Amino acid sequence: MQKGVCGGGRAGLALPGLENPELAEGGRDSESRGCTGVSCAYPIGRSVFISVVFHLITVVMEAPPVTMMPVTGGAINMMEYLLQGSVLDHSLESLIHRLRGLCDNMEPETFLDHEMVFLLKGQQASPFVLRARRSMDRAGSPWHLRYLGQPEMGDKNRHALVRNCVDIATSENLTDFLMEMGFRMDHEFVAKGHLFRKGIMKIVVYKIFRILVPGNTDSTEALSLSYLVELSVVAPAGQDMVSDDMRNFAEQLKPLVHLEKIDPKRLM
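This structure is a prediction, so every number in the text was calculated from the model and none was measured. (Residues numbered from 1 in each chain as written. Predicted model: local features only at pLDDT ≥ 70, side-chain atom pairs only at ≥ 80, totals over all residues. Heavy atoms only, no water.)

K.L.:
For the overall build of the protein, give the residues involved together with the corresponding values.
P.N.:
If you tally the helices and strands in the protein, you get four helices and nine strands. Start at the N end of the protein and walk to the C end: the helices and strands fall as α-β-α-β-β-β-β-α-β-β-β-β-α. Summarising the internal contacts of the protein: among those between residues at least 6 apart in sequence, 71% fall at separations of at least 24. As presented, the protein carries roughly 13300 Å² of accessible surface, and 52% of it is formed by carbon and sulfur atoms. (Helix = DSSP H or I, 4+ residues; strand = E, 2+ residues; numbered from the N terminus. Contact = heavy atoms within 4.5 Å. Areas by Shrake-Rupley, 256 points an atom, 1.4 Å probe, with all protein chains shown as cover.)

Have a look at this one:
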């Protein structure tokens, strides 16, 4: 999990028991490639982790479907603004060169992550989804648990997809714990790519690899002949003006890549 990639920076997650960092287990930074939501600066303790998971499950599975209201509760109330696109393998170098010129004056970071998607079925038609990921090239980095809310696609004045995003660092037994809670793994993959920054914007260019043998990240194959491109910003709810900056930046990447507001439901 690449240091310095977290869209939420080093913001602490306001959770019970974490007002004093000494109450948390460990003390490693939680920043990572996939941390596009709120991050916790310290891996959380088991009791706090349980309360977070049950809070998310309660919000999503017991409450009526909500499309325009964010998850509430301290610093959890953060939103991810997202634009997505893709570029063919043979155009990758041209895109990297363009991003080097447009983004902040620093070398792009690389990442190699293993991500597992867990489902918990309830009374609602849609299962509750949590994502667990770890870095494969950063020894000692913590696991991360990530929740992504339903996208808010109704407001056509927004130039980006908007959804709730919560990301916390955990101990290494995260996957075992999720299984004990009744989750089942739906699928897993490896993501390898580059990350750039432009102010508060984060741009990741990466390829997804299918895992041929479950649990064996050494046995993979590329899922396609293209790279995914994601432009994202994490900000408090209501900061819709960031989508204007994202649109302006996306215009500068044309015609190499067309970043769009994509509804994931249309891809299912």
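K.L.:
Just give me the short version of the packing of aromatic side chains, but keep the residues and values in it.
P.N.:
This model, assessed by the stated rule, comprises three aromatic pairs. Consider the rings of Phe128 and Phe183, whose centres lie 6.1 Å apart with planes at 55°: the pair is tilted. Of this pair, Phe128 sits in strand β3 (residues 128-135) while Phe183 is found in the loop between α3 (174-180) and β6 (184-198), placing the two residues 55 residues apart along the sequence. Looking at Phe183, the relative accessible area reads 2%, which means it is buried. Every member of this aromatic cluster is reached through a ring pair, and the members are Phe128, Tyr147 and Phe183. A cation over a ring is seen here: Lys207 above Tyr227, with NZ or CZ 4.6 Å from the ring centre. (Phe/Tyr/Trp six-rings, centres within 6.5 Å; stacked < 30°, edge-to-face > 60°. Buried < 20%, exposed > 50% of the residue type's maximum accessible area, 1.4 Å probe, protein only. Lys NZ or Arg CZ within 6 Å of the ring centre and 35° of its normal.)

K.L.:
Describe the nonpolar core, with residues and values.
P.N.:
Counting residues in hydrophobic clusters, the biggest one holds 28 residues, and the most contacted among them are Leu99, Leu231 and Phe249. The set of elements that each furnish at least two residues to this core consists of β1 (78-88), α2 (92-102), β7 (201-213), β9 (226-236) and α4 (242-252). In this view, Leu231 contacts Tyr81, Leu82, Leu83, Met201, Lys202, Ile203, Met246, Phe249, Ala250 and Leu259; residues no more than four positions away in its chain are not counted. (Core = buried A, V, L, I, M, F, W, Y, C linked by side-chain atoms within 4.5 Å.)

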